[in-house]
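As a plain string of letters, each chain reads:
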Amino acid sequence: MYDQGAPLALARDVKASDPRVKEIGILLRMHNINVAIPQNNQTTKRMFAEHENIGITDGHFFNLFDYEWEQGNKNTALAEPNTVVLSHGLAEKYFGGQDVMGKTIVVDNKNTFKVTGVVKDHPANTDIKSDLFLSLATLDNIYPDFVKDLKKQWSFINSTNSVYFCLRPGANPRDVERNIAQLNIKAQGANMAKAFHFILLPLSEMHFDGRFTGVIQHSLLTTLGAIALLLLIIACVNFINMATAQSFKRAKEIGTRKVLGSTPQAIFLQFIAETAYIVTFAALLSFVIVTVSLPILNSWVHTQLSFNVFTDYRLAGFIAAGLIIVTLVAGSYPALILSRFKPADALKNQVGKQTRTTVLGRKGLIIVQNIVAQVLIISTIIIAMQVKYLRTADLGFNKDAVIMLPIPGNGQSQTDYLRNQLLNDPAITNVSFCHNAPASDNANGGSIKYDTRDWEKFAGATTVADANYVKTFGIRLVAGRNFRESDKPREYLINETLMHMLGFNDPEQVIGKQFTAGDLSGNAGTIVGVVKDFHAKSFYAPIGPEYITTFRYRYQYAAVKINTNESSAVIDRIKKQWQSVYPEHVFEYRFLDEQVADFYRKEDLLNKLISSSAVVAIFISCLGLLGLISLLAIQRTKEIGIRKVLGASVTHITGLLSMDFLKLVLIAIVIAGPIALLMMSKYLQNFAYRIEIKWWVFALTAFMASAIALITVSFQAIKAAVANPVKSLRSE
């Protein structure tokens, strides 16, 4: 089990013992808080709900990262308890301006914080997205129930707690890791420490390492970059083919220029200059298209990309370099061909003859671009099938018509009253209070102990919920009974995977045995039932050892199961009941199926990018076919004229020209299939649960590629076939 979290005790002990570490910063992220802004009359307040943008830290954190401070001092702003630093945007949102120093906010209707600093908004592409920083010195008031363990226990690991190290120059990270391992043994004992392995992750890798919630992998970026490069190369090749085809129509012009004294160098520069004009114009046109389409693209793929060549010098440099390279690559060959025309041949239009090597080269490039297009088509189909599978596969629980409501307080009187009020509504069938839904990004868990054994060598994942959890989410109980309601973890349900990992196949063998969860205060309870496996994580990971138990103070959500399609009316009634219990907080909700869908947002994005690339590749390959058949038609003008004079029909000539290209497409199909199969097999290996690649995907792609190629070349082939043979022969 990998977790990005680290215990605060680790930071404390490393700081005290390891001189190789120059600075240590701590950031405890909070998922949700309610912020109230007292108004001048002190009787009313404005309320805001914040999600995933809250951090608890101190000045050491700001010594590590280059936040731009607009107000306050980074060394002292969070030194005192009950102080807070806001981002520029949040200061504007809460107070309507930047005159905020000394003003107060109330968090979760419990703790009041004085604003002691304002920092500039973080860039959109950062992985640390905190906008509201509460002082670490207030930790005792924020988490009064477990702050002691949070600060002192090495085993208290939470995915929201991050520790950042800045090593001194020359320090070896592996040496620091070895020291951490020794500190771990010293703090927990050798036996307990075996279950924990702490790894230093370079900050530059945090964004890319999926084990620690990295959002994208290097391999995916490399693949997308390679696709973009291939598209650019194919576009250049097409330009060369089409420019070469057009050059033969300008043979007389070139011949005349040479007769009048123009040198090959001058003609070469002329056509290079023409290419530069075309490339520059295309670039300017693309700027307009990008500017217009970027808002649509950002909305479509959920990004915040911007485009400004005047402020982004790296982008401007890249574009300038790209223009020069594309001009030279795409323009040199046609310019070289044109500059070498012999004047006599040019004036007689006898310059279209090509060598066997040149012809094979052009056909090879056509095959390559069709391979790229077909690989992208196959990839698009398979990724779309995998995404559909992820969205529709059986999760082992029922995610439909379940509304998740954050609860600011989990006292029994509050939860009992809210449950009773909600269940009076005939549209609501069940209500459960829990820490999280069965599928979530929750990473709670730890060492486990079964019966009289020592601690197991694997960790288990914890789900904390009340006795209605199983019924509300439709989790199937395969043996034993549901656990009874309790404020403490006294009874446990375990899943089948955990039962098997404990070494049993019969549920009756584990029911009634003692079970201890290390992350739940280490108190022993009893296994009272076994539930069927369910997917608590995304389909990237296999189902792991899970256990469910009660622990009231960890309840964070109310899961409400409704039985009607008129959800808006039900939500209005739920809101009314919820606000009667929590009048000082902002009501929010989310459907569970939407939450589960978020697991696969990256797959949606990948599918959109690949399908878009496929469309572009198909378009470019069609241009390639068009360019080559134009060239071929010019080169075979005399042959076509003679065939028509001898009685060949339009259909015969069209078929003759088209067949050459269909052969190239068929060769591309044969090559693209194995490549796509290899690539997609590797992609699907990222998922523990995945589809099988079907043969019909390749057959469908072959049909589509052939049809698109046939339609593309037919137009030019028919045009050549219906041309007047007399004119063709006269021009020759």
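See the structure shown above.
This structure is a prediction, so every number in the text was calculated from the model and none was measured. (Residues numbered from 1 in each chain as written. Predicted model: local features only at pLDDT ≥ 70, side-chain atom pairs only at ≥ 80, totals over all residues. Heavy atoms only, no water.)

Here's the deal with the side chain of T549
Along the polypeptide, T549 turns up in strand β17 (residues 546–549). In this structure T549 comes out as buried when scored by relative accessible area, which is 0%. Polar contacts involving the side chain of T549 include one to the main-chain carbonyl oxygen of E491, which spans 2.7 Å. The residues touching T549, leaving out its near neighbours within four places in the chain, are T463, V464, A465, F483, P489, R490, E491, Y492 and L520. (Helix = DSSP H or I, 4+ residues; strand = E, 2+ residues; numbered from the N terminus. Buried < 20%, exposed > 50% of the residue type's maximum accessible area, 1.4 Å probe, protein only. Polar contact = N/O pair within 3.5 Å; in protein donor to acceptor, adjacent residues only side chain to side chain. Contact = heavy atoms within 4.5 Å.)

Side note on helix α17 (residues 567–581)
For α17, which comprises 15 residues, the first-to-last C-alpha distance of 21 Å matches the rise-based estimate of 21 Å (1.5 Å per residue) to within 8%. Those residues of α17 lying buried are V570, I571, I574, W578 and V581. One face of α17 carries all of its buried residues, which in axial projection span an arc of 95 degrees. Opposite the packed face of α17, turned more than 90 degrees from it, sit the exposed residues S568, D572 and K576. Where α17 is buried, its residues touch β9 (402–406), α14 (412–423), β10 (428–434), β18 (557–562) and β19 (590–591). (Expected span 1.5 Å × (residues − 1). Arc of directions from axis to C-beta.)

Thoughts on the environment of Y277
Its place among the elements puts Y277 in helix α10 (residues 264–301). On the basis of relative accessible area, Y277 is assigned to the exposed category, the value being 62%. For the pair Y277 and T327, spaced 50 residues apart in the sequence, the C-alpha separation amounts to 9.0 Å.

Side note on α14
Across its 12 residues, α14 extends 16 Å between first and last C-alpha, which sits within 8% of the 16 Å expected from 1.5 Å per residue. Residues of α14 that are buried include every one of T415, L418, R419 and L422, and no others. End-on view of α14: buried residues confined to an arc of 100 degrees, all on one side of the axis.

Concerning the environment of I128
Here I128 is to be found in the loop between β6 (111–119) and β7 (132–135). Each C-alpha atom of the pair I128 and F287 lies 31 Å from the other, and the pair is 159 residues apart in sequence. Setting aside chain neighbours within four positions, we find I128 in contact with L27, F61, F65, Y67, H122, Y164 and M206.

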